[in-house]
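This is what each chain is made of:
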Amino acid sequence: MALRLAESGAALLGAQLVSARPLAGGDLSAIVGIELEDGRMAAVKNGPSPPTEATMLKALSDASAPAPEVLAVNNEILVLSWIDGKDSVSSAWSALGSVVRTLHSAQGPRYGWPFNYAFGALAIDNTWSQNWPDFWLQRRLLPLIDPKLPPELSRRIEKLASDLANRLPQHPKPSLLHGDLWSGNIMVHNQGIAGLIDPACYYGDGEVDIAMLQVFDTPPDAFFNAYGALPHGFRERLAIYRLWPALVHAHLFGPSYFPLLEEQLRQAGA
């Protein structure tokens, strides 16, 4: 698979492949680093919709957020400029706060995205909505309540979902979101953010990205100081926004993520 992916990427660039190596990550897609005969290096990956991911990466770049350049794309693969970014995000929290603030300064016309997307085989409905609680209910929480979940968890999610109009702002600024912001998708080099990768973009409440960042990481004050003041009630909404990535992980990776779901529901008072 890795060699075929590398060869396809080199062919798409019209260059001769010299070497290839699998890159870290790739839970939901394969990715390889390639070196070409002309000395160039690039990253080649597949995914649910390479053309859609290409538009998302361009949106990040157009919003002045660092992102890899799309060198070539077809319906099967995406070839990206090489980024040196092996450092830990722990060395760049302040830089990340500034980058995310810049990203969220870009705004859309309403909530959603021009195209639907997916995490692996799990569909993401990005159909436009004028109302933010309705978007979070109809496009994020309800589609992931199904028989795979323990009935008690499903009932608690449904109860919380029925009260979203009282728990979430009706019309927050429709910010450009990365959509899958965690340390594995943040490339760091020399205490700076070299690139944001693997986006699942849409326009929505900027608090979503910050909540998602806190599913597996604990940003220090340096991040929040650089990002700037958050709206009143942010901490009360954290668990509601973290519930969706918890649901995604439960669907993709199974019952080991049920405790994460349980914890978000507990913190949300559901």
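Caption draft 1: Layout of the environment of serine 8. With respect to the element layout, serine 8 can be found in helix α1 (residues 2–12). C-alpha of serine 8 to C-alpha of asparagine 131: the two residues are 123 residues apart in sequence and 42 Å apart in space. Among the polar contacts listed, one links the side chain of serine 8 to the backbone oxygen of arginine 4, at a separation of 2.9 Å.

Caption draft 2: Quick peek at helix α10 (residues 258–267). Taken residue by residue, α10 has Phe258, Leu260, Leu261, Gln264 and Leu265 as its buried positions. All buried residues of α10 lie within an arc of 160 degrees about the axis, which places them on one face of the element. Of the exposed residues in α10, those oriented more than 90 degrees away from the buried face are Pro259 and Arg266. In this structure, the buried side of α10 is in contact with α5 (151–161), α7 (207–216) and α9 (234–253).

Caption draft 3: Just the sheet that holds strand β2 (residues 31–36), in detail. Overall, antiparallel pairing links the 5 strands, which are arranged β1-β2-β3-β5-β4 in an open sheet. With partners counted over all chains shown, the strands left at the sheet margins are β1 (17–22) and β4 (70–73), one partner each. Going across the sheet, the axis of each strand differs from the next one's by a mean of 25 degrees, ignoring polarity. Pairing of β1 with β2, which is carried by 5 bridges, proceeds in the antiparallel orientation. Among the inter-strand pairings, proline 22 is bridged to a residue of β2, identified as valine 32.

Caption draft 4: Broad picture of the packing of helix α3 (residues 93–105) against α7. Between α3 and α7, whose axes approach to 10 Å, the crossing angle comes to 150 degrees. With respect to their mutual orientation, α3 and α7 come out roughly antiparallel. Counted together, Trp93, Leu96, Leu103 and His104 of α3 and Asp209, Ile210 and Leu213 of α7 form the full contact between these two elements. Residues of the contact of α3 with α7, tallied by class, amount to 5 nonpolar, 1 polar and 1 charged.

Cut-off values and rules
Residues numbered from 1 in each chain as written. Predicted model: local features only at pLDDT ≥ 70, side-chain atom pairs only at ≥ 80, totals over all residues. Heavy atoms only, no water. Helix = DSSP H or I, 4+ residues; strand = E, 2+ residues; numbered from the N terminus. Polar contact = N/O pair within 3.5 Å; in protein donor to acceptor, adjacent residues only side chain to side chain. Buried < 20%, exposed > 50% of the residue type's maximum accessible area, 1.4 Å probe, protein only. Arc of directions from axis to C-beta. Contact = heavy atoms within 4.5 Å. Pairing = 2+ DSSP bridges. Axes fitted to C-alpha atoms, helices over the stretch in contact; angles between N-to-C directions. Parallel < 35°, antiparallel > 145°, perpendicular 65-115°, else oblique. Nonpolar A, V, L, I, M, F, W, Y, C, P; charged D, E, K, R; others polar.

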